[in-house]
Amino acid sequence: GINLTITDSYRSYAAQVDVARRKGLYSQGGLAATPGRSNHGWGLAVDADVRRADTLRWMRNNAHRYGFYETVRREPWHWEYRPR
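Residues numbered from 1 in each chain as written. Predicted model: local features only at pLDDT ≥ 70, side-chain atom pairs only at ≥ 80, totals over all residues. Heavy atoms only, no water.

## Thoughts on the pattern of salt bridges
When the charged atoms of two side chains lie near each other, side chains of opposite charge can form a pair.
Then comes step 1: Taken as a whole and judged by the stated rule, the model has nine salt bridges.
Then comes step 2: Between Arg51 and Asp49 there is a salt bridge whose closest N-O contact spans 2.8 Å.
Then comes step 3: Close ionic contact of Asp54 with Arg52 constitutes a salt bridge, the shortest N to O distance being 3.1 Å.
Then comes step 4: According to the relative accessible area criterion, Asp54 is partly exposed, its value standing at 24%.
Then comes step 5: Residues joined in a network through salt bridges with shared partners are Asp8, Arg11 and Asp47. (Salt bridge = Lys/Arg side-chain N within 4 Å of Asp/Glu carboxyl O. Buried < 20%, exposed > 50% of the residue type's maximum accessible area, 1.4 Å probe, protein only.)

This is the structure we're talking about:
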């Protein structure tokens, strides 16, 4: 009953550098991991469109069943795949 949309997924190293330049490093109050350390660069993270409360609620209640976890509390859109 929800429309789950992925807004970002794999990022090459060059794309990680660009995101860090535009959004600032997380360690300095920004929204980007240090380039080379982002799970987006390993293909293990996605950003989902969770602006709708029902979508975010569904993710928090169900994503773990598919191996996805909310790992950055101040980024509710960021979900990481953690295979068992």
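Still more to cover.
## Thoughts on the pairing of strand β4 (residues 78-81)
Then comes step 1: Sheet analysis places strand β2 (residues 45-48) next to β4, joined by three bridges and oriented antiparallel. Paired with Ala45 across the bridge in β4 is Glu80.
Then comes step 2: Across three bridges, the pairing between strand β3 (residues 68-70) and β4 is antiparallel. Its bridge partner lying in β4, Tyr69 is registered against Glu80. (Pairing = 2+ DSSP bridges. Helix = DSSP H or I, 4+ residues; strand = E, 2+ residues; numbered from the N terminus.)

## Some details on the sheet that holds β3
Then comes step 1: In spatial order, the strands read β1-β2-β4-β3; together these four strands make up an open sheet with antiparallel pairing. Of all the strands in the sheet, just β1 (6-8) and β3 have a single pairing partner and so form its edges. Strand-to-strand, the axes of this sheet are offset by a mean angle of 45°, without reference to chain direction.
Then comes step 2: As paired elements, β1 and β2 share two bridges and run antiparallel to each other. From the neighbouring strand, Ile6 faces β2, where its bridge partner is Ala48. (Axes fitted to C-alpha atoms, helices over the stretch in contact; angles between N-to-C directions.)

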